[in-house]
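Structure assessment
Spelled out from the first residue to the last, the chains are:
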Amino acid sequence: MPGGLLGIESLDRVEIETILDRAKNFQPRQSQNQRDVLRGRMIVNLFFEASTRTRTSFEIAAKRLGADAISITASGSSVDKGESLVDTLNTLGAMHPDAIVMRHSASGAPHFLARHLPTPIINAGDGTHEHPTQALLDARTILDRRPTLEGLRVAIIGDIAHSRVARSNMYLLSKFGADIVLCGPASLLPVELQQIASGVTLTHDIKEALRDADVIMMLRVQLERQHESAFSSGEYFRFYGLGLEHMSLASPDAIVMHPGPINRGREISSEVADSQRSVILNQVENGIAVRMAVLERVLSN
Amino acid sequence: MRKLIIRNGRVIDPATRLDAIRDVLIENGKIAGIGEKLHVTGAEKFDATGLIVAPGFIDMHVHLREPGFEYAETIESGSKAAAAGGFTSICCMPNTSPVNDNATVTSYIIERAERHAIVNVFPIGAITKSSAGEELASIGSMVQAGIVAISDDGRPVMNARVMRRAMETARSFGIPVIDHCEDLHLSAGGDMHEGVESVRLGLRGIPAASEDVMVARDILLAQLTGARFHVAHISSRHSVEMVAFAKSRGFSVSSEATPHHFALSDGKMPPYDSNYKMKPPLRSDCDVGSVTNGIISGAIDAIATDHAPHPGSEKMQEFEKCPFGVIGLETAIGLALEKLVHPGKISLARMVELFTTGPARVLNLNRGNLASGAPGDITILDTERAWTYDVNKSASKSRNSPFDGHIFRGGPVATIVNGRIVWTAERQDADAVTAN
């Protein structure tokens, strides 16, 4: 991946498997010293949008590999002073970092920059488009518990329209032959979703989505991305929230995932979030392992 | 007496259904005669052997950005781009700063054009003051000053009652109402056509219905008021069907299509390339097919570019931040040939019609034909000439075109305005060589 990592859609299976396999080596992270892998390399984390876990995760991943990681957030930077995205990136590019990890609220912002900058860009989430490392860490988390993704029934529930996590997961799971059920109210579930990846079905009924599900991915209600009230927020949990009573519909060993941060009582009940079924903290752990694998792969070329 | 004789070209004049090898004589800026081997002395000669000689092409939808946004385009630079695209007349939309909503601005544009433009410029006035959609502009005074139509292009009138009054006013002064049909509530926040591609790219959608509901509204209002209603840059299947229906009922409804709406669909956009962002957005392949069919059937009367210059600094941004619009004057004929004429969808004569009698009829302009005494505006085409569009050499001040680097088969080779040759491809090529 010499050009960086912009999305899952354009990756092939072999590339994804390579990253996921390599991430396994980084899982027992405290026990292994990998600090020679990227010694002397410089990675800039450029976050135009608030993020705690992804930014920290990338920082830790870079440092574990021995790279120098510098994090810049939009507030308090030149972006606040009205500098354009191109100018900001040109300025940073002139300092010759080895890679730029970038999060931006505009879909396609990293793709636009990748066309104008030689520095590899790793997409840490662009608007409502993709969040590739999230899908990779989710796949790693599933594969820690299941031998294969093929044939798994994965329910993704919530605001699919505005979710980059959903899109990246759809692309990845679809490439490995999973059955993907997307669930949400019609205003947050455009019918065209069925056409962007294979093996996708849609439903507006959470019970239908959960039936025999092996993996349940709950999405955060993205209040900041909805530009109007697309669904009554007061009714959301009642119809699309995940409670303990739902778990009997799913397969007996189903796991519950969430990209975080979770809104307890809005899309997921505390009982489910804290239950044995929940692998939410494993996802966080795997985030570092997967991002180490991605950084290594991008920078090794 | 100033004379120009254009020898031996294939003269296509849709107004008189002429399509034959002829000579065309222009005297003192007017068409003086068409015939075989005309005997003329003391005239400047243009050898059009192997070329198409047509009435001057009219682009009824252009943004010249002057006054107010001269960094993006001026009347002069826009007119040069028009000439380089084979257009002898252009109509400029009123969304300047100040908005062309009164006779003073109209007169300013006309005076600037007389002094600096190399093609004919016909202003279009605003429907409402500042195009704010509330109070009618000084439409009658603007008509007296020289506007040929009214439109709040880009900021369409949302209030149906205001649109009704505008249509009644336009009817009183004998001009059409051109509407950029877009329900701003439905399209709000959208950046591209709503469909599989917008969902795939995570970009907010502009549904075709946002265009369709306004086309439907305006057709009904045109029937109510008896006004002439013209749909700007029609782009969706249902809109084309509704215009065809309205025409079949005898309503005074017409429409135009842009080259990008019959040449490109939403799936053709390189990911997040802002040179593919415009309003209405590039729609689905199905819509592109309907626009093409409308051009073939006559539901669409004219090809217009919606030439919308924006400086690079504004287009070099995140997709959702960039302004809408692309330039189009220099690529329109090439695209019409490539997408419509060469594949055999329409005849060359029909293409000429879409650029001449079509818009002239909508706007009641005494242009677009070669009648004796008509203005000596001529567009000369070579339907086979291979050329590459280099946007960095555009006569426009802006560079926002999705067709940079495109190789065309056929295009304009000379533009003659009021009997004067204002542009030739040969001269442009020679200048390029000198510059290199």
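Points about the overall build of chain A
Along its length, chain A carries 11 helices and 10 strands. At 19 Å, chain A has a C-alpha radius of gyration in line with the 19 Å of a compact globule built from 301 residues.

Thoughts on the nonpolar core
Ranked by size, the top nonpolar core spans 124 residues in total, and within it V53 and I150 of chain B carry the most contacts. It is helix α12 (residues 332-341) of chain B that provides the largest number of residues to this core, a total of 7 residues. There are two domains that each give this core at least three residues, and those are domain 1 (3-53 + 374-435) and domain 2 (57-363) of chain B. L188, A197, V279 and M292 of chain A belong to the second-largest nonpolar core, a separate cluster that totals 99 residues.

A few points about the sheet that holds strand β8 (residues 120-123) of chain B
Residues and elements named next belong to chain B. Sheet architecture is open: 3 strands sit in the order β6-β7-β8, paired in parallel fashion. Taken across any chain shown, the strands that pair with only one partner, and hence form the sheet edges, are β6 (57-62) and β8. Between one strand axis and the next, the sheet turns through 20 degrees on average, direction left out of account. Strand direction decides the pairing type here: strand β7 (residues 87-92) and β8, joined by 4 bridges, are parallel.

Focus on the environment of D36 of chain A
Residue and element names in this part refer to chain A. Mapped onto the elements of the fold, D36 is located in the loop between α1 (13-25) and β2 (42-47). We classify D36 as exposed; it has 9 C-beta atoms within 10 Å. Residues D36 and L65, 29 residues apart in the sequence, show an inter-C-alpha distance of 6.4 Å.

A short note on the interface of chain A and chain B
Of the residues lining the interface, 20 residues belong to chain A; the matching set on chain B comes to 16 residues. Among the secondary structure elements, those contributing two or more residues to the side of chain A that touches chain B are α3 (85-93), α4 (109-116), α6 (164-175) and α7 (193-196) of chain A. Partitioned by chemical class, the residues of the side of chain A that touches chain B number 8 nonpolar, 9 polar and 3 charged.

Side note on the domain arrangement of chain B
Residue and element names in this part refer to chain B. Domain boundaries assigned for chain B yield domain 1 (3-53 + 374-435) and domain 2 (57-363). Just the C-alpha atoms count here: the centres of domain 1 and domain 2 sit 25 Å apart. Contact residues are listed per partner, giving 30 residues for domain 1 and 43 residues for domain 2. Put simply, the parts of the chain that give the side of domain 1 that touches domain 2 at least two residues each are β15 (378-388), β16 (407-417) and β17 (420-424). Among the elements that take part in the side of domain 1 that touches domain 2, β16 stands out by supplying 7 residues, more than any other.

Points about the sheet that holds strand β9 (residues 215-218) of chain A
All names here are of chain A. In space, the 5 strands of this open sheet follow the order β8-β7-β6-β9-β10, with parallel pairing throughout. Among the strands making up the open sheet, the edge pair consists of β8 (200-203) and β10 (255-257). Put simply, the sheet's adjacent strands are angled 20 degrees from each other on average, direction ignored. Direction of pairing for β9 relative to β10: parallel, over a ladder of 3 bridges. From the neighbouring strand, M217 faces β10, where its bridge partner is M257.

Rules used throughout
Residues numbered from 1 in each chain as written. Chains lettered and ligands numbered in written order. Predicted model: local features only at pLDDT ≥ 70, side-chain atom pairs only at ≥ 80, totals over all residues. Helix = DSSP H or I, 4+ residues; strand = E, 2+ residues; numbered from the N terminus. Rg over C-alpha atoms; globule rule 2.2 N^0.38 Å. Core = buried A, V, L, I, M, F, W, Y, C linked by C-beta atoms within 7 Å. Buried ≥ 20, exposed ≤ 12 C-beta atoms within 10 Å, placed from the backbone. Domains from an automatic or database assignment. Pairing = 2+ DSSP bridges. Axes fitted to C-alpha atoms, helices over the stretch in contact; angles between N-to-C directions. Contact = placed C-beta atoms within 7 Å. Nonpolar A, V, L, I, M, F, W, Y, C, P; charged D, E, K, R; others polar.

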